[in-house]
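Notes for the structure review
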Amino acid sequence: MKLTIIGTGYVGLVTGACFAEMGNTVTCVDIDEAKVEGLKKGILPIYEPGLESIVINNFRNGRLKFCTSLSDPVAESSMYFIAVGTPPGEDGSADLRYVLTVARDIGRHINGYTIIIDKSTVPVGTADKVKTAVRHELHQRGADIPFDVVSNPEFLKEGAAVEDFMRPDRVILGTDSEQVRKVMRELYLPFMRAHERLLFMGVRDAEMTKYAGNAMLATKISFMNEIANLCEHMGVDVENVRQGIGSDSRIGYSFIYPGAGYGGSCFPKDVKALIRMARDHEFEPSLLNAVEARNEAQKHVLFGKITRRFGAGLKGMTFGLWGLSFKPGTDDMREASSVVLLHELVGAGAMVKAYDPVAMPAAKRELPVEWFKSGQLKLMDEQYGTLEGVDAMILMTEWKPFRHPDFDRIRKIMKNPVIFDGRNQYDPALLRQAGFEYSGIGR
């Protein structure tokens, strides 16, 4: 099939590359000329395991193309995927300006029957707004061209997005058109050779499914963080509790790891947007409010532990920080707990040496330049160098190289053998036996 993907961010680039990998001819459109030129040279704007080789190979083979406008002849197709950002507004609602701008652009360019697919995470009712925008442009042209709008939300985990797309648990498709069902089934069947995992439903149902799914996962994380904090007050080890409840098949082990709070581009944004949607419909979402409040509070837990140990004034102290991305497998620092902690440490006068296996370029771009100029933040080239002469080590992201480090070496190079474990990666008893002072979450 010949497909056009509008937006080459996280969702759009993974979607376009994976469809091309299955033999489709795909054109990815983005108004950012520098990004498009970079992609043509094999320079990706994001880090995602396995994505780079797929992009480069399919571009070389002619199945994956990049351009900056829908007016480009290579962008012509009968299927358009909208995969642009929906950033949160000040009130938490999803900002649809980019989605609707693309919809209007599609309306100005289509010449025959077209299927428009909402791949972006959008509020319930967005498909209707997309239809209205396209119809307005067609009316302006005096054109009577049939089209359908489909909701096809993505369920990609950062760090495993290629695997998730190539071997999906399910593909949600919101449409009332039998013609669309046939086309979308044909498009997705190569990704599910063993058995079909397509779930067809109404458009609004599909739009809500995306938000409900992310809100459920965020709820599990916040619940477990709440339990971890309670365990800490009651002298209970939350790790044993986690294993005990995870062994219940009705609960399972996924998303019940206590930590320093969830981040990234999905959970925080989607929970806030769902809260906003509820209030817009005069419903107060008490549980979602609690999920959000617990997560915001959780991002400050580690700093509270640090100040209880060293005092409120941290001037003259240096901390070694392992991990900047919001989770392993990605360079995404959006809503990352590490950023909240850095603001608190720098604000208290501390110096921080930080290292991340992947997110260092993102850190240089996104963190305040005055931190670097003042010397309060130094980005290090190697994980052990980060800990030389520090008053304490802080683990924020559980990258594999951090999971079983050389603790003998660490103890020798640190000024004080103190570890704050924001992801409960280490065994408290073993570390204390090795001469460390250890503080985890709910341990």
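Before any of the text, the structure's been laid out above.
Reading the values: rules and limits
- Residues numbered from 1 in each chain as written.
- Predicted model: local features only at pLDDT ≥ 70, side-chain atom pairs only at ≥ 80, totals over all residues.
- Heavy atoms only, no water.
- Helix = DSSP H or I, 4+ residues; strand = E, 2+ residues; numbered from the N terminus.
- Rg over C-alpha atoms; globule rule 2.2 N^0.38 Å.
- Buried < 20%, exposed > 50% of the residue type's maximum accessible area, 1.4 Å probe, protein only.
- Contact = heavy atoms within 4.5 Å.
- Lys, Arg positive; Asp, Glu negative; His and termini not counted.
- Charge placed at Lys NZ, Arg CZ, Asp CG, Glu CD.
- Phe/Tyr/Trp six-rings, centres within 6.5 Å; stacked < 30°, edge-to-face > 60°.
- Lys NZ or Arg CZ within 6 Å of the ring centre and 35° of its normal.
- Salt bridge = Lys/Arg side-chain N within 4 Å of Asp/Glu carboxyl O.
- Core = buried A, V, L, I, M, F, W, Y, C linked by side-chain atoms within 4.5 Å.
- Axes fitted to C-alpha atoms, helices over the stretch in contact; angles between N-to-C directions.
- Parallel < 35°, antiparallel > 145°, perpendicular 65-115°, else oblique.
- Left-handed = near helix turned anticlockwise from the far one by under 90°.
- Nonpolar A, V, L, I, M, F, W, Y, C, P; charged D, E, K, R; others polar.
- Expected span 1.5 Å × (residues − 1).
- Patch = residues over 30% accessible without salt bridge, like charges linked within 9 Å, V, L, I, M, F, W, Y side chains within 5 Å.
- Areas by Shrake-Rupley, 256 points an atom, 1.4 Å probe, with all protein chains shown as cover.

In terms of regular secondary structure, the chain is built from 18 helices and 14 strands. What you see for the chain is a C-alpha radius of gyration of 24 Å, in line with the 22 Å of a compact globule of 443 residues. The principal-axis extents of the C-alpha atoms in the chain amount to approximately 75 × 45 × 45 Å. Split into buried and exposed, the 443 residues of the chain put 55% on the buried side. Relative to all contacts within the chain whose residues are 6 or more apart in sequence, the contacts with residues 24 or more apart total 74%. Of the charged side chains in the chain, 54 are positive and 57 negative, and the gap between their average positions amounts to 2 Å.

The next point concerns the packing of aromatic side chains. Counting across every chain of the model gives 17 aromatic pairs. A centroid spacing of 5.1 Å and a plane angle of 90 degrees characterise the contact between Phe 407 and Tyr 426, whose relative ring orientation is edge-to-face. One end of the pair, Phe 407, is in helix 17 (residues 407-413); the other, Tyr 426, is in the loop between strand 13 (418-421) and helix 18 (428-433), with 19 residues separating them in the sequence. Assessed through its relative accessible area of 17%, Phe 407 is described here as buried. The class for Tyr 426 is buried, based on a relative accessible area of 4%. Above the plane of the ring of Phe 155 lies Arg 170, whose end atom (NZ or CZ) is 3.9 Å from the centre.

One pass over the structure, following the stated rule, counts 25 salt bridges. Note that Asp 30 is salt-bridged to Lys 35, the shortest N-O span being 3.7 Å. Residue classification places Lys 35 among the partly exposed residues on the basis of a relative accessible area of 23%. A salt bridge links Arg 411 to Asp 408, with the shortest nitrogen-to-oxygen separation between them at 3.4 Å. In this pair, Arg 411 and Asp 408 both sit in helix 17, three residues apart, roughly one turn of the helix. The exposure class assigned to Arg 411 is partly exposed, which follows from its relative accessible area of 30%. Within this structure, Asp 105, Arg 108 and Glu 137 form a network of salt bridges that share partners.

Counting residues in each nonpolar core, the largest one holds 60 residues, and the members touching the most others are Leu 314, Phe 319, Leu 324, Leu 345, Ile 394 and Tyr 426. Those residues in contact with Phe 319 that sit more than four places away from it in its chain are Ile 306, Phe 310, Leu 314, Leu 345, Ala 350, Met 351, Val 352, Lys 353, Val 390, Ala 392 and Ile 394. Tyr 10, Val 26, Val 171 and Phe 200 belong to the second largest nonpolar core, which has 42 residues in total.

Moving on, we come to the packing of helix 8 (residues 203-234) against helix 9 (residues 238-246). Contact pair helix 8 / helix 9: the axes reach a minimum separation of 9 Å and the direction vectors enclose 140 degrees. Comparing the axis directions of helix 8 and helix 9 gives the class oblique. When the axes of helix 8 and helix 9 are compared, the crossing they make is right-handed. When helix 8 is examined against helix 9, the residues Met 224, Ile 227, Ala 228 and Cys 231 are found in contact with a partner set consisting of Val 238, Val 241, Arg 242 and Ile 245. Tallied by class, residues from the contact of helix 8 with helix 9 come to seven nonpolar, no polar and one charged.

So, on to the environment of Asn 229. When you line up the elements, Asn 229 lands in helix 8. Residue class for Asn 229 comes out buried when judged on its relative accessible area of 15%. C-alpha of Asn 229 to C-alpha of Cys 266: the two residues are 37 residues apart in sequence and 24 Å apart in space. With residues up to four places along the chain from it excluded, the contact list for Asn 229 reads Arg 294, Gln 298 and Val 301.

Let us look at helix 4 (residues 97-109). Side chains that are three or four residues apart share a direction in an α-helix, a result of its 3.6 residues per turn. In this model helix 4 runs 19 Å from its N-terminal to its C-terminal C-alpha over 13 residues, within 8% of the 18 Å that 1.5 Å per residue would give. Considering only its buried residues, helix 4 is in contact with strand 1 (2-6), strand 4 (79-82), strand 5 (114-118) and helix 5 (126-141).

This part takes up a nonpolar patch on the surface. Nonpolar side chains collect at one region of the surface, where Leu 230, Met 234 and Val 236 lie side by side and expose about 270 Å² of accessible area between them. Within the fold, Val 236 resides in the loop between helix 8 and helix 9.

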